[in-house]
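Residue-level structure breakdown
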Amino acid sequence: MDALATGNRVAASLASPDTDSCLRDLARLAPRIGLAEIRLDLMRTFDIEKLVTGSQVPLILTCRPERERGGYAGPERERLAILRAAYECGCAYVDVEADSLDSVSGWRGSATGIIASQHWFDRMPADLVDQYLNLRDRCAAVKLVGTAQSAADVLPVLKLLRDATTPVIGMAMGRAGTCTRIIAPAFRHSLLTYGSTTTAGQTAPGQITVDEMVDRYALHLVGAETKVYIHITSTDHQYQEVLRVQQKAVPGAELHVSLGTTDADGPVLAGLVAEVLPDASVVTAARV
């Protein structure tokens, strides 16, 4: 299924203990999401065919190895066999690490798309667009995720989402990068944004819940036509004011996102964000 055509780009990221509990989670979340990612490497047991046939939403299946801070510790040959089984079962996508892409490039006989993913857990590369260009012709979608140590680290992600011409997943992990998870559906070629099933069920740092994505930000209705407002904030009071503005906004028509930084860095950051996203409204929150 072409997720770009479904409208709802909210994807739940699940790490349920077993197949039956995963299907129960999927049934509960199905009315709120467009896709779901299943972290097979974090499950105790799983039945891939049962997951794919029993899900009410298209699935992304992945089996992240330890070298990518995943939970799979077995032989690489067996990990690829798990992903091949997912591919042949007809899930929407399998997520494969960029360094494993050559191992799956010859797979045929399924409509399943390949997501090539790369993560940086200690930094945010400045050249995400170049990384994307190196991968985009070899897969159905590119996923690039760095770690934001400061508010300025979201800028490479925003550039990636702005410049992509094929399906892309771009995010900044960490609290400083949460805004990228909220704003992602507003970009035309953004495939999805990930939310956790619960606050305790985060599969990556900086995730917010699916319920918050839908109830607070109406991300299931956000798309390229949504008017985006980025509020540069430096206090909790300013952040709470952004939430109040978002609560009053017409769902899907406007999206108000807070990007937190220090008071001294606010004006410079606002200028940089406005340069990267000229179609967005960048607002420096008033001091209170």
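All values derive from a computational prediction rather than experimental measurement. (Residues numbered from 1 in each chain as written. Predicted model: local features only at pLDDT ≥ 70, side-chain atom pairs only at ≥ 80, totals over all residues. Heavy atoms only, no water.)

A closer look at the sheet that holds strand β11 (residues 281–284)
One open sheet holds the three strands; their spatial order is β10-β9-β11, and the pairing between them is parallel. Of all strands in the sheet, those with a lone pairing partner are β10 (254–260) and β11, marking the two edges. Strand-to-strand twist across the sheet, computed as the mean angle between neighbouring axes with direction ignored, equals 25 degrees. When strand β9 (residues 227–233) meets β10, the two strands line up parallel, connected through seven bridges. (Pairing = 2+ DSSP bridges. Helix = DSSP H or I, 4+ residues; strand = E, 2+ residues; numbered from the N terminus. Axes fitted to C-alpha atoms, helices over the stretch in contact; angles between N-to-C directions.)

A look at the nonpolar core
When a protein is soluble and globular, its nonpolar side chains tend to lie buried together. If you look at the biggest cluster of nonpolar residues, it comprises 80 residues, and the most contacted ones within it are Ile38 and Leu59. Apart from residues lying up to four places away in sequence, Ile38 is in contact with Leu14, Cys22, Leu26, Met43, Leu51, Leu59, Ile60, Leu61 and Thr62. If you look at the next biggest cluster of nonpolar residues, it comprises 15 residues, including Leu35, Val145, Met171 and Tyr194. (Core = buried A, V, L, I, M, F, W, Y, C linked by side-chain atoms within 4.5 Å. Buried < 20%, exposed > 50% of the residue type's maximum accessible area, 1.4 Å probe, protein only. Contact = heavy atoms within 4.5 Å.)

Overview of the environment of Gly260
Within the secondary structure, Gly260 sits in strand β10. Along the sequence, Gly260 and Tyr239 sit 21 residues apart, while their C-alpha atoms lie 7.9 Å from each other. Setting aside residues no more than four positions away along its own chain, Gly260 makes contact with Ala151 and Thr233.

Notes on the sheet that holds strand β2 (residues 35–39)
The eight strands are arranged β7-β6-β5-β4-β3-β2-β1-β8 in an open sheet whose pairing can be described as parallel. Edge positions in the open sheet fall to β7 (168–173) and β8 (193–196), since each of these has one partner strand only. On average, adjacent strands in this sheet sit at an angle of 25 degrees to one another, irrespective of strand direction. Across four bridges, the pairing between strand β1 (residues 10–14) and β8 is parallel. Each residue of the ladder has a partner; that of Ala11, found in β8, is Tyr194. Against the sheet, helix α1 (residues 19–29) engages β1, β2 and β3 (59–62), with an angle of about 160 degrees to β1. Contacts from helix α5 (residues 128–135) reach β5 (113–119), β6 (141–147) and β7 within the one sheet, and its direction differs from that of β6 by about 150 degrees.

Here we look at the pairing of β1
Of all five residues in β1, five are buried; the element is thus mostly enclosed. Of the two faces of β1, the one carrying Val10, Ala12 and Leu14 and the one carrying Ala11 and Ser13 are both buried. One ladder, built from four bridges, connects β1 with β2; its direction is parallel. When the sheet's bridge partners are listed, Ala11 is paired in β2 with Leu35. With α1 bridging β1 and its parallel neighbour β2, the resulting β-α-β unit is right-handed. (Right-handed = clockwise from strand over helix to strand, strands pointing away.)

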